[in-house]
Amino acid sequence: MSRRRRWFGKGDRRVLALTLPIILSNATVPLLGAVDTAVVGHLDSPHYIGAVAIGALIFSYVFWGFGFLRMATTGLAAQAHGRRDANGVRAVFARAALIAVGAGLLVMVLQWPIIELAMSLIAPSPAVEASARDYFHIRIWASPATLMQYCMLGWLLAMRDTRAVFIFQVVLNSLNMILDILFVQGFGWDVSGVAGATVIADYSGVVLGWFLMQPHLKRLGGTWRGIGVFDRAQIARLMKINGDIFVRTMALTSAFALFTSFSARFGEVTLAANAVLQNFLVFGSFALDGFAHAAETLVGQAYGAERRKQFLWAVRKTTVWAIVSAVVMAIVFGLAGPWIIDGLTTIPEVREASYRYLIWAVILPVTGVLGFQFDGVFLGAMQTKHWRNMMLLSVVLYAGLAWGAVMSDSNHLLWAALNVFFLLRGVTLALLFPTIIPQKRMAGA
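Note that the structure is a prediction, hence the values are computed from the model and not measured.

## Points about the nonpolar core
Reasoning step 1: Core analysis: the largest hydrophobic core is formed by 134 residues, its most contacted members being Trp 155, Val 377 and Phe 421.
Reasoning step 2: In terms of residue count, the dominant contributor to this core is helix α13 (residues 268–304) (14 residues).
Reasoning step 3: Sequence-distant contacts of Phe 421, that is, excluding residues within four places in its chain, are made with Leu 252, Ala 255, Met 391, Ser 394, Val 395 and Tyr 398.

## A closer look at the confidence of the model for the protein
Reasoning step 1: In the predicted model, the protein carries a mean pLDDT of 84, and the fraction of residues at 70 or more is 91%.
Reasoning step 2: Least confident of the elements in the protein is helix α1 (residues 2–7), whose mean pLDDT is 51; most confident is helix α18 (residues 411–432), at 95.
Reasoning step 3: In the model, residues 1–5 has pLDDT below 50 throughout and makes 0 contacts with residues more than four positions away in sequence or in other chains.

## Some thoughts on unusual backbone geometry
Reasoning step 1: Here the phi dihedral of Asp 190 falls at roughly 40°; this positive angle occurs in a residue that is not glycine.
Reasoning step 2: Mapping Asp 190 onto the fold places it in helix α11 (residues 190–220).
Reasoning step 3: According to the relative accessible area criterion, Asp 190 is partly exposed, its value standing at 23%.
Reasoning step 4: Located in the positive-phi region is Asp 409, a residue other than glycine, with phi close to 55°.

## Details of the side chain of Arg 139
Reasoning step 1: Looking at where Arg 139 falls in the secondary structure, it is placed in helix α8 (residues 126–139).
Reasoning step 2: Asp 202 provides the closest opposite charge to the buried, unpaired Arg 139, separated from it by 5.3 Å.
Reasoning step 3: With sequence-adjacent residues up to four places away left out, Arg 139 is seen in contact with Ala 56, Phe 59, Phe 63, Ala 195, Thr 198 and Val 199.

## Let's talk about helix α10 (residues 162–186)
Reasoning step 1: Relative to the 36 Å expected for 25 residues at 1.5 Å per residue, α10 spans 34 Å between its end C-alpha atoms, a close match to the ideal helical length.
Reasoning step 2: Once α10 finishes, Gly 188 follows within two positions and takes phi at roughly 70°, a positive value.

## Section: empty space enclosed by the protein
Reasoning step 1: A complete count under the given rule lists 1 cavity of 30 Å³ or more for this structure.
Reasoning step 2: For the largest cavity, the calculated volume is near 40 Å³.
Reasoning step 3: Taken together, Arg 248, Asp 375, Trp 387, Met 390, Met 391, Arg 425 and Leu 429 make up the lining of the largest cavity.
Reasoning step 4: Within the residue set of the lining of the largest cavity, elements represented by two or more residues are α17 (384–407) and α18.
Reasoning step 5: Counting residues per element, the lining of the largest cavity draws most heavily on α17, which supplies 3 residues.

What counts as what
Residues numbered from 1 in each chain as written. Predicted model: local features only at pLDDT ≥ 70, side-chain atom pairs only at ≥ 80, totals over all residues. Heavy atoms only, no water. Core = buried A, V, L, I, M, F, W, Y, C linked by side-chain atoms within 4.5 Å. Buried < 20%, exposed > 50% of the residue type's maximum accessible area, 1.4 Å probe, protein only. Helix = DSSP H or I, 4+ residues; strand = E, 2+ residues; numbered from the N terminus. Contact = heavy atoms within 4.5 Å. pLDDT = per-residue confidence, 0-100. Lys, Arg positive; Asp, Glu negative; His and termini not counted. Salt bridge = Lys/Arg side-chain N within 4 Å of Asp/Glu carboxyl O. Expected span 1.5 Å × (residues − 1). 1 Å grid on protein atoms, 1.4 Å probe; cavity = no way out; pocket = protein on both sides within 12 Å on 5 of 7 lines; lining within 4 Å. Points joined across faces, edges and corners; volume = space filled by probe spheres on them.

Next comes the structure, spelled out in structure tokens:
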């Protein structure tokens, strides 16, 4: 028994207790997308599927740029919590919430130029465009609520309440799915029903999120008065952090856009095969994101309290479990890969091409694990300048390798470049890791 406790003890259970609810809640996101597709897929025309896909793509790009609302809130609130600064924890949420509401209203005001630009770039068929516009102009009204949810999820993660995060995601997405079916299949509202379901679910999510925050607010103490929401130094720091996160996020988005763009140069079959294989990364990210979020929370609290021993413990424990998870996923992908591919596509030539390049998707969790993990570590420490710069360096090097793959007319080299990119993200941050370790030695975990 004593030997068992050494390799799996209270600390390991603590990490897994933080991680597993996040993994399970993440899994509800693609399920909601599948339901959206399924309910319109049973209507009398295929153009509805394309309309929902285009509408969802537009909102993904718009809202992805505000991902800093979740990331910065987690790191800053975790650090304030580590310092036992109750008013500081409240102030972090209040500042993020004000930005979320303001940004959401701005998106609503700019809805016409956004949809016109999107339609000019995508250029869908008239039927798809008409339905996509209907979807967009309804769902746009959820913008403030959608961005507010980012703040609430980030804040709850900082409080280490992954149970609340799980409840939040499952209830929100379940309500969305139920309303999807009711509005589309029951009332016959086609894509308008899908958009309307999202609007109602998102505002309901804000109410639920506020309810889930209450036990922590009572336990923390403090007050909303005099918390310094408009403190110039704190706002300047927040804007700098948000800017770093925004640049890093756009760089990462560009890397994936390059992969898709270069894939298209190898023909429709290879493009489709690469799209199928990218789903392996989506599946793998559920687990890797979970451990990264755990690292972000634990590291943030230790960093805020200036506890070197606790900081190193959090990095070590979460990283070991993330690596174990990545290796297990690679083994599962290697064994079940052909069956997964067959479940994702029925087109024979796409299947054959996917089998040919499968090995590169199999090893993605292993080459990517350090990148995911150190994302969480650097975010928890709020060392966003290093985080941003190493992402930019990795993208530049990757772009050169990917272009070389295109010039060599080799999809194998393109996949190799993507794996090198994931590896570079982790290695470059790992090299800088010693520079962010708290120097002040205090009581450990």
